Amino acid sequence: AASSDYPLRDVYKRQVHDYPLTAFEGEIIVIENAEELNEACAHLSQYPAIGFDTETKPNFKKGKKNKVALLQLSSTTKSYLLRVNKHGLPAKLTAILSNPNIKKIGAATRDDVRVLRHIREFIPAGFVDLQHIAKDIGIEQLGVRNIAALVLGVKISKSQQLSNWESDVLTHPQMLYAATDAWICLEIYNNLQNKGFINESSIRTNESDTPEDESSN
């Protein structure tokens, strides 16, 4: 059984600033055509677990939210970015999102899954929410930046979080930020698994979620 008592439960914001900055060092591929899509699916399908995240252009008007703009799926060596606002959500990728044998490791995954299902309907399977795992083992601060600091002893940049994810061309800092966000989730999961803090049989996934009606938004 997994341990339920992580040695460090919280970290002060000023402490995070003192941690070494880390970022994804592998290959970043922005999927622009069918060949790159096929390569992405072939690569990601090799792994039992991959990192998962999405990005949305911020909207500073109260009660208004933009549609998801970017989907990130990452192995330890390659991170694939799909510009959902330009290309939609191809069926080949939803096949991965529906595959229970490929764990998609993210944070607050339920919200991400819900907005993706409004782009193309699929039955989600194998999604693992790090916030659930962190809470189960006693970590009190559930943001990815804090979990990364506690588990890996590193900090990740959030400088691009509020940038324009619907821009015609993504900048290199945007691509690195997006790739890192998905990859770091996988790194955290692998680290906790290696240390015995994850009980595979008790991982909660969100297969049964259904998209909510957002017509009123």
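Everything numeric here is computed off the predicted structure, so don't read it as measured data. (Residues numbered from 1 in each chain as written. Predicted model: local features only at pLDDT ≥ 70, side-chain atom pairs only at ≥ 80, totals over all residues. Heavy atoms only, no water.)

Undergrad: What's the story with the overall build of the chain in this structure? I'm lost.
TA: Secondary structure assignment for the chain yields eight helices and six strands. Each helix and strand of the chain, ordered N terminal to C terminal, gives the series α-β-α-β-β-β-α-α-β-α-β-α-α-α. When the 217 residues of the chain are sorted by exposure, 46% land in the buried category. If you take every contact in the chain between residues at least 6 apart in sequence, the share linking residues at least 24 apart comes to 72%. (Helix = DSSP H or I, 4+ residues; strand = E, 2+ residues; numbered from the N terminus. Buried < 20%, exposed > 50% of the residue type's maximum accessible area, 1.4 Å probe, protein only. Contact = heavy atoms within 4.5 Å.)

Undergrad: Mind showing me how you'd approach the pairing of strand 2 (residues 49-56) here?
TA: Counting buried positions over the eight residues of strand 2 gives seven, a clear majority of the element. As judged from the three bridges shared by strand 2 and strand 5 (residues 103-106), these two strands associate in the parallel manner. Bridge assignment links G51 to a residue of strand 5, and that residue is I105. With six bridges connecting them, strand 2 and strand 3 (residues 68-74) associate as antiparallel partners. Looking at the pairing, E55 lines up with L70 of strand 3. (Pairing = 2+ DSSP bridges.)

Undergrad: Help me understand the pattern of salt bridges in this model?
TA: Pairing of side chains with opposite charge becomes possible as their charged atoms draw close. For the coordinates displayed, the defined rule picks out five salt bridges. With a closest N to O distance of 4.0 Å, E27 and K78 form a salt bridge. With E27 in strand 1 (residues 27-31) and K78 in strand 4 (residues 78-83), the pair connects residues that are 51 residues apart, well separated along the chain. Each of E27, E39 and K78 takes part in salt bridges that share partners, so that together they form one network. (Salt bridge = Lys/Arg side-chain N within 4 Å of Asp/Glu carboxyl O.)

Undergrad: Quick question: what am I supposed to make of the side chain of Q160 here?
TA: Checked against the element boundaries, Q160 lands in the loop between helix 7 (144-152) and helix 8 (172-194). Judged by its relative accessible area of 18%, Q160 falls in the buried class. In this view, Q160 contacts W165, T171, P173, Q174 and Y177; residues no more than four positions away in its chain are not counted.

Undergrad: I tried to follow the environment of I28 on my own but got confused; where do I start?
TA: Secondary-structure assignment places I28 in strand 1. Taking the C-alpha atoms as reference points, I28 and A179, 151 residues apart in sequence, are found 6.8 Å from one another. Aside from chain neighbours lying at most four places away, what touches I28 is S79, L81, M175, L176 and A179.

Undergrad: What exactly am I supposed to notice about the sheet that holds strand 5 here?
TA: Taken together, six strands build an open sheet; the order of strands is 1-4-3-2-5-6 and the sheet is mixed. Lying at the two open borders of the sheet, with one neighbouring strand each, are strand 1 and strand 6 (127-129). Across this sheet, the average inter-strand angle for adjacent strands is 25°, counted without regard to direction. Running over the sheet, helix 2 (residues 34-44) touches strand 1, strand 2, strand 3 and strand 4 and is turned about 135° from strand 4. Where helix 5 (residues 109-117) meets the sheet, it contacts strand 2, strand 3, strand 5 and strand 6, and its direction lies at approximately 70° from that of strand 2. (Axes fitted to C-alpha atoms, helices over the stretch in contact; angles between N-to-C directions.)

Undergrad: Hey, could you run me through helix 5 in this one?
TA: Quick reminder: α-helices carry 3.6 residues per turn. Residues three or four places apart thus point the same way. By the criterion of burial, helix 5 is predominantly enclosed, with seven of the nine residues buried. Within helix 5 the residues assigned to the buried category are T109, D112, V113, R114, V115, L116 and R117. Residues of helix 5 that are buried make contact with strand 2, strand 3, helix 4 (91-97), strand 5 and strand 6.

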